[in-house]
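Listed here are the chains, written in short residue letters.
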Amino acid sequence: MEKNNLPLEDVKVVELATVVDAPTCARMLGAYGAKVIKVESLDGDVMRTGGSHEFVPYEDTLNPLFTIHNSNKRFIALDFKNEKGKAILLDLIKDADIFITNIREQSLARNGLDYESLKSKFPALIYAHFSGYGPKGPVASNPGFDITAFWLRAGAVADWQTKGAFPFVPTYAFGDMATSSVFLSGILMALYAKEKTGKGTKVTTSLFANGIWCNAIGVVQTQFDRKHLNPAPLRPSDPFSRTYRCKDGRWIGIYCNDYGKDKAKFAQLLGVDDIVDDPRFQDIETMQRTGSIEEITARCNEIFLHRTSKEWRAYLSENNISCEIMMESQEVSHDPQAIDNRYMVPVTYPDAQHTQVMMPTPPIAFSEYGCRSYQPTGKIGEDTASILQELGYSHEEIQQMKKDKAVR
């Protein structure tokens, strides 16, 4: 049964942000009770049409990609460069706990929406700003995106395949999603401090900062003897901690096992008992020095071809070996482990066919608090009129502002 008490139900958030990173952070706050008002331009967040290049529906009544990052929000569309539009935005912010934006700081400053300007008006406001590369440095003003700032500049793409290979293409917005969770943790720390001191603060993070943080081990590791994480030709480092192709053409990874401790166990399970007493296979260092690691890896390559991936997973799991089949993204939506834990839930959209889509859920659960159910997003300015009425504007004033293109 869904719990009704939500941990953030008295928190008000105003979001002036586009695409994935900052909107996802606001979406997480909204999932756990915060009242989130998303402020869009009159043309709307460009992520509304993200399905066009990701081959997913993107209609007003069926827009699952946009819904991932914007469920449980109310939507107002205004032009903050218009005097009246800006007044409405400030009216929304004045009693907000958190203001989230990823608009570039030069634009915010030109329009009096920078931190210092808002701090003087609303000293208790938590001002959360998200950028591509950070507030300082030679490319601080450059547009920064998931693939450029998080993946390319932070070193991961160059090192996650053998040197010289064509670069892999990560899932759209993967770095945005990872970074949004860090952004969320910073905002929640600021909210906790505000409860004690009554003071607001500016919270910042960037895709570049989080790309470096996620690739921290690689960034440190390559400052010493190893200058590339996967040099070509790639030599195996541990035969019992790698990925193997199986009889059905699929791959299974056996990882996080201790060669020294588990050698005898693996030798028995895989039928390579001779390595237990052979000094060439004494330990990883000896195998690397003698080249015998390539020999045992080649033998394992042949052994794993004798069973299917599911047969290997069952066999190894029964014997307490850490392993997993390399799954495809399209399989995750009907994975029973994901469904049983409500990591994936069915959401029915209000389109003519009442399309049902399995949607990923915010990945935090509480024993004593709930999380809001998915709410499919609507059209641009879906809640403009009702939000303005709550601010005290009359029907006539709202219609005039629409004519003046201050709101939509």
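That block above? That's the structure.
Overview of the structure.

Conventions and cut-offs
Along each chain, residues carry numbers from 1 onward, in the same order as the chain's sequence is written. Where totals are concerned, whole chains, interfaces and linings use all residues; where local detail is concerned, this predicted model gives features only for residues with pLDDT of at least 70, and gives and counts side-chain atom pairs only at 80 or more. To get the side-chain values, take all heavy atoms of the structure and skip hydrogens and water. Strand pairing is assigned whenever DSSP identifies at least 2 bridges connecting the two strands. Labels follow the DSSP assignment, with helices taken as runs of H or I lasting at least four residues and strands as runs of E lasting at least two, numbered in each case from the N terminus. Between N-to-C directions, angles span 0 to 180 degrees; the directions come from axes that are lines fitted to C-alpha atoms, helices contributing only their stretch in contact. What makes two residues a contact is simply this: any of their non-hydrogen atoms within 4.5 Å. Any angle from 65 to 115 degrees is called roughly perpendicular, while one under 35 is roughly parallel, one over 145 is roughly antiparallel, and all others are oblique. Two helices crossing with the near one rotated counterclockwise from the far one by less than a right angle form a left-handed crossing, whereas a clockwise rotation gives a right-handed crossing. Basically, the charged four are Asp, Glu, Lys and Arg, the nonpolar ten are Ala, Val, Leu, Ile, Met, Phe, Trp, Tyr, Cys and Pro, and anything else, Gly included, counts as polar. Only rings of Phe, Tyr and Trp enter the pairing, Trp through its six-membered ring, and a pair is recorded when the two centres are within 6.5 Å. The plane angle decides the type: under 30 degrees is stacked, over 60 is edge-to-face, the rest tilted. Partly exposed describes any residue whose relative accessible area lies between the buried limit of under 20% and the exposed limit of over 50%, with all areas from a 1.4 Å probe on protein chains only and scaled to the type maximum. Here, a charge over a ring is recorded when the distance from Lys NZ or Arg CZ to the ring centre is within 6 Å and its angle to the ring normal is within 35 degrees. The patch calculation keeps residues exceeding 30% relative accessible area without a salt bridge and links them within 9 Å when they carry like charges or within 5 Å when they are nonpolar (Val, Leu, Ile, Met, Phe, Trp, Tyr). In these tables, accessible area is a Shrake-Rupley quantity obtained with a 1.4 Å probe, and a residue counts as shielded only by the protein chains included in the view. By definition, a salt bridge exists where a carboxyl oxygen of Asp or Glu is found within 4 Å of a side-chain nitrogen of Lys or Arg. What the arc describes is the spread of directions from the helix axis to the C-beta atoms.

**With respect to the sheet that holds strand S2 (residues 35-40)**
- Strands sit in the order S3-S2-S1-S4-S5-S6 across an open sheet of six strands; the sheet is parallel. Strands at the two margins of the open sheet, each flanked by one partner only, are strand S3 (73-77) and strand S6 (201-206). Direction aside, the axes of adjacent strands within the sheet are offset by 20° on average.
- Here four bridges tie strand S1 (residues 12-16) to S2, and the two strands are oriented parallel to one another. Within S2, the residue paired with Val14 across the bridge is Ile37.
- Strands strand S4 (98-101), strand S5 (126-131) and S6 of the sheet are contacted by helix H9 (residues 174-197), whose axis makes an angle of about 160° with S5.

**Observations regarding the packing of helix H1 (residues 21-31) against H9**
- The N-to-C vectors of H1 and H9 enclose an angle of 55°; their axes lie 8 Å apart at closest approach. When the interaxial angle is binned, H1 and H9 end up oblique. Crossing angle aside, the handedness with which H1 passes H9 is right-handed. Contact residues: H1 offers Asp21, Ala22, Thr24, Cys25, Met28 and Leu29, while H9 offers Asp176, Met177, Ser180, Phe183, Leu184, Ile187 and Leu188.
- Of the residues that constitute the contact of H1 with H9, the class distribution is nine nonpolar, two polar and two charged.

**Some points on the packing of aromatic side chains**
- The tally for this structure, following the rule as stated, stands at 17 aromatic pairs.
- With a centroid separation of 5.3 Å and 65° between ring planes, the pair formed by Phe130 and Phe183 is classed as edge-to-face. One end of the pair, Phe130, is in strand S5; the other, Phe183, is in helix H9, with 53 residues separating them in the sequence. No difference in accessibility class separates Phe130 from Phe183, as the two residues are buried.
- Ring geometry for Phe240 versus Tyr259: centroids 5.4 Å apart, planes at 25°, classification stacked. Note that Phe240 is positioned in the loop between helix H11 (216-221) and strand S7 (242-245) and Tyr259 in helix H12 (residues 259-270), a separation of 19 residues in sequence. Of the two residues, Phe240 and Tyr259, neither departs from the other in class, the shared state being buried.
- Following the ring pairs from residue to residue traces out a cluster consisting of Phe150, Trp151, Trp160, Phe168 and Phe174.
- Across the ring face of Tyr315, the terminal group of Arg307 is positioned such that the distance to the ring centre comes to 4.1 Å.

**A word on the side chain of Ser206**
- Within the element layout of this structure, Ser206 appears in strand S6.
- With relative accessibility at 4%, the residue Ser206 sits in the buried group.
- Look past the residues within four positions of Ser206 in its chain and what remains in contact with it is Ser131, Gly132, Tyr133, Gly134 and Thr179.

**Some remarks on a nonpolar patch on the surface**
- A cluster of nonpolar side chains, contributed by Phe145, Ile147 and Leu152, occupies part of the molecular surface with about 290 Å² of accessible area.
- Turning to its location among the elements, Leu152 is positioned in helix H7 (residues 146-152).

**What about helix H10 (residues 207-214)?**
- Within the sequence span of H10, burial applies to Leu207, Asn210 and Gly211. For H10, the arc enclosing every buried residue in end-on projection is 105°, short of the 170-degree limit, so these residues lie on one face.
- On its buried face, H10 sits against H1, S5, H7, H9 and S6.

**Some words on the pattern of salt bridges**
- Applying the stated criterion across every chain, the model contains 15 salt bridges.
- For the salt bridge of Lys38 with Asp45, the shortest nitrogen-to-oxygen distance reads 3.1 Å.
- Judged by relative accessible area, Asp45 falls into the buried class, the value being 3%.
- Two residues, Asp274 and Arg299, come together in a salt bridge whose shortest N-O distance is 2.9 Å. Of this pair, Asp274 sits in the loop between H12 and helix H13 (284-290) while Arg299 sits in helix H14 (residues 292-304), placing them 25 residues apart in sequence.
- The exposure class of Asp274 is partly exposed, given its relative accessible area of 41%.
- On the basis of relative accessible area, Arg299 is assigned to the partly exposed category, the value being 27%.
- Sharing partners across several salt bridges, the network here consists of Glu15, Lys38, Asp45 and Lys73.

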